[in-house]
Amino acid sequence: MLRVNQAGEYGATRIYAGQLAVLRANGAEAKLIARMASQEERHLKRFNNLMAERRVRPTALQPLWNVAGFALGAATALMSEQAALACTDAVETEIDKHYGGQLDQLADEDPELASDIAEFREEEVEHRDTARAAGAANAAGYPLLTAAIRAGCRMAIELSKRV
Ligand SMILES: [Fe+2]
Ligand SMILES: [Fe+2]
């Protein structure tokens, strides 16, 4: 769980870095995304610390998530501000399901990890709702774009669990 969660939070920081590299720094979207990015940094730090404490190795795919995350962020931001928001909408939809599944699986086991996951999940849902409220669904090709990104996230989650 820690390995896949750390990979996901790392990927999230890379997606937002890609978007912020492209978006106008003083635009409304960049401001929203910068705030989310700082929360992802916090999530990532926490999982980094837990992995060190518990001697869990990171995924071997970290270099891939570095590049793929940044590319996804930059590509969606180049499409439009709304596409950048649709990316957040799609990613956080999958992360909400992923964290929800882990919480069900953990039940009463490992309350320390469960409380972090529950807290981060709330923030991810808030990111998703923020993106929707800011007009994510107005992105051109929203249904196809979000379906493709969601499929990519599910694939990244499965791969990071294994490798
Ligand atoms: Fe996060
Ligand atoms: Fe998030």
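Calculation criteria
- Residues numbered from 1 in each chain as written.
- Chains lettered and ligands numbered in written order.
- Predicted model: local features only at pLDDT ≥ 70, side-chain atom pairs only at ≥ 80, totals over all residues.
- Heavy atoms only, no water.
- Helix = DSSP H or I, 4+ residues; strand = E, 2+ residues; numbered from the N terminus.
- Rg over C-alpha atoms; globule rule 2.2 N^0.38 Å.
- Buried < 20%, exposed > 50% of the residue type's maximum accessible area, 1.4 Å probe, protein only.
- Areas by Shrake-Rupley, 256 points an atom, 1.4 Å probe, with all protein chains shown as cover.
- Lys, Arg positive; Asp, Glu negative; His and termini not counted.
- Charge placed at Lys NZ, Arg CZ, Asp CG, Glu CD.
- 1 Å grid on protein atoms, 1.4 Å probe; cavity = no way out; pocket = protein on both sides within 12 Å on 5 of 7 lines; lining within 4 Å.
- Points joined across faces, edges and corners; volume = space filled by probe spheres on them.
- Nonpolar A, V, L, I, M, F, W, Y, C, P; charged D, E, K, R; others polar.
- Donors = N, O, S within 2.8 Å, 3.2 Å for Na, K, Ca; no water.
- Tetrahedral: all angles 85-135°; square planar, octahedral: opposite > 155°, others 65-115°.
- Salt bridge = Lys/Arg side-chain N within 4 Å of Asp/Glu carboxyl O.

A. Quick look at the overall build of the protein chain. The helix and strand inventory of the protein chain stands at six helices and zero strands. Listing each helix as α and each strand as β along the protein chain from the N terminus yields α-α-α-α-α-α. Expected size for 163 residues packed as a compact globule is a radius of gyration near 15 Å; at 15 Å, the protein chain falls within 12% of this value. With the principal axes as the frame, the protein chain shows a C-alpha extent of 40 × 30 × 30 Å. Within the protein chain, the fraction of its 163 residues that count as buried is 48%. Of the accessible surface of the protein chain, which amounts to about 7900 Å², a share of 57% is contributed by carbon and sulfur atoms. Looking at the protein chain, you have 19 positive and 23 negative side-chain charges, and the mean spots of the two groups are 5 Å apart.

B. Molecular detail of the layout of surface pockets. Counted as a void, the largest pocket has a volume near 380 Å³. Lining the largest pocket we find 20 residues, and of these Ile-15, Trp-65, Gly-152, Cys-153 and Ala-156 sit closest to its centre. Mapped onto the lining of the largest pocket, the elements with two or more residues apiece are α1 (2-22), α3 (62-79), α4 (81-106) and α6 (142-162). Looking at the lining of the largest pocket element by element, the count peaks at eight residues for α6. Residue composition of the lining of the largest pocket, grouped by class: 15 nonpolar, five polar and no charged.

C. Structural detail: the coordination of the iron ion (ligand 1). For the iron ion (ligand 1), every protein donor is listed as Glu-9 (OE), Glu-9 (OE), Glu-40 (OE), His-43 (ND1) and Glu-124 (OE), and the spread of their distances is 1.9 to 2.6 Å. The metal-metal distance between the iron ion (ligand 1) and the iron ion (ligand 2) comes to 3.8 Å, with Glu-40 coordinating both. Pair noted here: Glu-40 and His-43 are both in helix α2 (residues 28-54), with a separation of three residues, about one helical turn. What makes His-43 buried here is its relative accessible area of 0%.

D. Fine view of the coordination of the iron ion (ligand 2). With distances of 1.8 to 2.3 Å, the protein atoms coordinating the iron ion (ligand 2) are Glu-40 (OE), Glu-92 (OE), Glu-124 (OE) and His-127 (ND1). Each of the four donor atoms around the iron ion (ligand 2) contributes to a set of angles spanning 86 to 123°, which defines the coordination as tetrahedral. Between consecutive donor residues of the iron ion (ligand 2), the sequence gaps follow E-x51-E-x31-E-x2-H.

E. Representation of the pattern of salt bridges in the model. Within this structure, the stated rule accounts for 17 salt bridges. Its salt-bridge partner being Glu-123, residue Arg-42 comes within 3.2 Å of it at the nearest N-O pair. Here Glu-123 lies in helix α5 (residues 111-133) and Arg-42 lies in helix α2, a separation of 81 residues in the sequence. Sharing partners across several salt bridges, the network here consists of Arg-46, Arg-54, Asp-110, Glu-112 and Asp-116.

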